[in-house]
2 protein chains.
Amino acid sequence: MTNIQDVAKVAGVSVATVSRVLNNSSSVSAKTRENVLKAIKELNYQPNLLGRNLRRMEARMILVLLPNISNPFYSRVVKGIEDVARKNDYFIMLCNTDSDASQEKLYLKLLKNRLSDGVIFLAPELKKEELSEIGINYPTVQCCEYKEGARVSHVTIDNYAAGYNAVKHLIDLGHKRIGLISCRNNFVSTKQREAGYRKALEDSGIDFDSRLITYGDYSFMSGMRCARQLLDLEGGVTAIFAISDVMAIGAMRAVKEKNMSVPKDIAVVGFDNISFASMSDPMLTTISQPKYEIGCTAMNLLLEQIKGSIKESRHIVLEHELIVRESTVGHSMNN
Amino acid sequence: MTNIQDVAKVAGVSVATVSRVLNNSSSVSAKTRENVLKAIKELNYQPNLLGRNLRRMEARMILVLLPNISNPFYSRVVKGIEDVARKNDYFIMLCNTDSDASQEKLYLKLLKNRLSDGVIFLAPELKKEELSEIGINYPTVQCCEYKEGARVSHVTIDNYAAGYNAVKHLIDLGHKRIGLISCRNNFVSTKQREAGYRKALEDSGIDFDSRLITYGDYSFMSGMRCARQLLDLEGGVTAIFAISDVMAIGAMRAVKEKNMSVPKDIAVVGFDNISFASMSDPMLTTISQPKYEIGCTAMNLLLEQIKGSIKESRHIVLEHELIVRESTVGHSMNN
DNA sequence: TTGTACGCGTTATCAC
DNA sequence: GTGATAACGCGTACAA
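Residues numbered from 1 in each chain as written. Chains lettered and ligands numbered in written order. Predicted model: local features only at pLDDT ≥ 70, side-chain atom pairs only at ≥ 80, totals over all residues. Heavy atoms only, no water.

Comments concerning the interface of chain A and chain B
Contact with chain A, which involves 49 residues of that partner, is made by 50 residues of chain B. Both sides of the chain A and chain B interface together cover about 4900 Å² of buried area, and 64% of this is carbon and sulfur. Along the contact surface separating chain A from chain B lie eight salt bridges. Across the pair Arg253 of chain A and Asp281 of chain B runs a salt bridge, and its minimum N-O distance is 3.9 Å. Viewed at the interface, chain B and chain A are joined by 15 residue pairs in polar contact (both at pLDDT 80 or more). Only helix H4 (49–56), helix H5 (72–87), strand E2 (91–96), helix H6 (101–112) and helix H11 (245–257) of chain A provide two or more residues apiece to the side of chain A that touches chain B. (Contact = heavy atoms within 4.5 Å. Buried area = accessible area lost by both parts, 1.4 Å probe. Salt bridge = Lys/Arg side-chain N within 4 Å of Asp/Glu carboxyl O. Polar contact = N/O pair within 3.5 Å; in protein donor to acceptor, adjacent residues only side chain to side chain. Helix = DSSP H or I, 4+ residues; strand = E, 2+ residues; numbered from the N terminus.)

Observations regarding the relation of the copies chain A and chain B
The transformation that overlays chain A on chain B combines an axial shift of 0.1 Å with a rotation of 180 degrees, and the residual RMSD is 0.1 Å. Expressed as a symmetry operation, the mapping of one chain copy onto the other fits a two-fold axis. A high fraction, 100%, of the interface residues of chain A reappear at the interface in chain B, so the copies pair face to face through one surface. (Least-squares fit on C-alpha atoms with pLDDT ≥ 70 in both.)

Quick look at the domain arrangement of chain A
Residues and elements named next belong to chain A. Along its sequence, chain A is carved into domain 1 (4–47), domain 2 (61–157 + 291–319) and domain 3 (159–289). Just the C-alpha atoms count here: the centres of domain 2 and domain 3 sit 29 Å apart. In this assembly, ten residues from domain 2 lie in contact with twelve residues from domain 3. Regarding the contact of domain 2 and domain 3, the summed buried area is about 1200 Å², with carbon and sulfur atoms giving 55% of it. For domain 2, the biggest contributors to the area lost against domain 3 are Glu145, Ile157 and Lys291; these three give 46% of the whole. Viewed at the interface, domain 3 and domain 2 are joined by zero salt bridges. Here domain 2 and domain 3 share six residue pairs in polar contact (both at pLDDT 80 or more) between them. (Domains from an automatic or database assignment.)

Below you can see the structure in the form of structure tokens.
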């Protein structure tokens, strides 16, 4: 393994000078620089970053923790994070937590052992005290999902308003019996979307019926199960709002099973605008989050913390959008 | 930042002894060990791996390069890689190449700069000479996709046999006009699946018709486009084999657009058995690869190279399976 | 069983 | 503009 000493020897200079050339730092004469570069090329020298990182006491690596890489919602967010990271000479480490706090803790070792310089949580599983503990000691940002009460910066949309918009859209179409497919978890987004649902009903003078709230687990199958439950209800429903696209797609499947049609018999609204939302039949009406921008913003926030320029935690809210497609007002091919 | 010296001081021993305790290495008296552990706990000491890694000249990090993390096919493969890695105290770095050779090269810097100890390619974009160059100098494994002629180990299924099985299944159901949705790329898997298609036709005495081969780009939309093209053909088709599930799902959508039904009018077979294949309507018949096992095998192969126990390149072939669902023989709800 | 001392490859400080 | 050299934190001969 050729190192900086070898280069110095071949170029006939000191290691300090080689280092200066490598880092484009102060004052190296053109002639010397040329010699050094020639030696580097000749030896096919690659700087050993293990040495550099130790010396600079940094890893140039960002930890990105998410429940599951294959969740299509996250890919655009991650892309945003990565693009900003790369522009600033950082690499990112993507880690599946499988929504498991102990796995999350395992990966946080990378932070404590100085193998990464900061962490972005896409859906923290830690308790808020543990999370605050991390946030105090290391550059930390929560992105999309966040824990209420943790003193850690976050970037999200207004899930309350988004839930409200989704349900208001259904109400405006004349629906009064609107089922909700939610989840039993402690995500702020879940609670807020649910609250938006209730507020929209209330503002329109529609009585709240607790039987219209069902609980899935973000999976396709749970979406089917919840929809069946709603359809079998006395009084039934004419519309369904699911807090994730995957569950909404499952719900549409259940509707078809009963030989009913979307949107003619049952209108469906999802949440997230994953790519499959425009591939489903009928295409899904949904709430779109600015995923890429959320990722960029989160990474920029983290960089500021790493540079030490900000200390207090900041909360940034970006705009969402209702995307109307076939599942609420469109023409379905199955009709 | 507390370091090994601080621990040594508090425990009243030398740094060497602390290091021995940390690494459970030779001969430390129970009493001393206890003192050291107490000091570690008291100071909340976390070993700085930047130092350790430099000293040991390793990063304990594996580079995993894939076209796109959100491609659902890869998530199980990655899970296999990760489980084996973790069991051996390695972390993995997942990197999106966007199927772009220059991005791939960017990430390979991590290897050359000693920030990772080996690389697994899920779909190499490099030319075979460049790939061989990497394979010669660093622990390297290709997984699923691979470059023919590169002297680098790989783990895959027999794509030729799998393509054959898929098409034979359609022929056994009585189909004679079978369209193929392939891709214009240089992947071995593509060529082999295509060759399997042709061989199955040949073995059954069905004349080959080049117009029945269409080319997409693995996307849903391209699947729709190719299917439309096949359906509009003079003589039409009664079945379609797509070399990816996503394109197959797109094809089913195109069939419905023409007010035809799957599988009554057109049978469809996909490839990969992604989770959406059992969520589509109708559920998709497809070829299943042992994704998790492929990942485990690849990582084990890599570990052997890192340990230096094997040098020559090895080629491992795992078993595939035809999963028959509604899109070829089942009952569709739309009929 | 334990301690001393060196070196891993690099960068940064201080001379000149 | 350049060189000598001391760190960075850790692991491991070698000595005791």
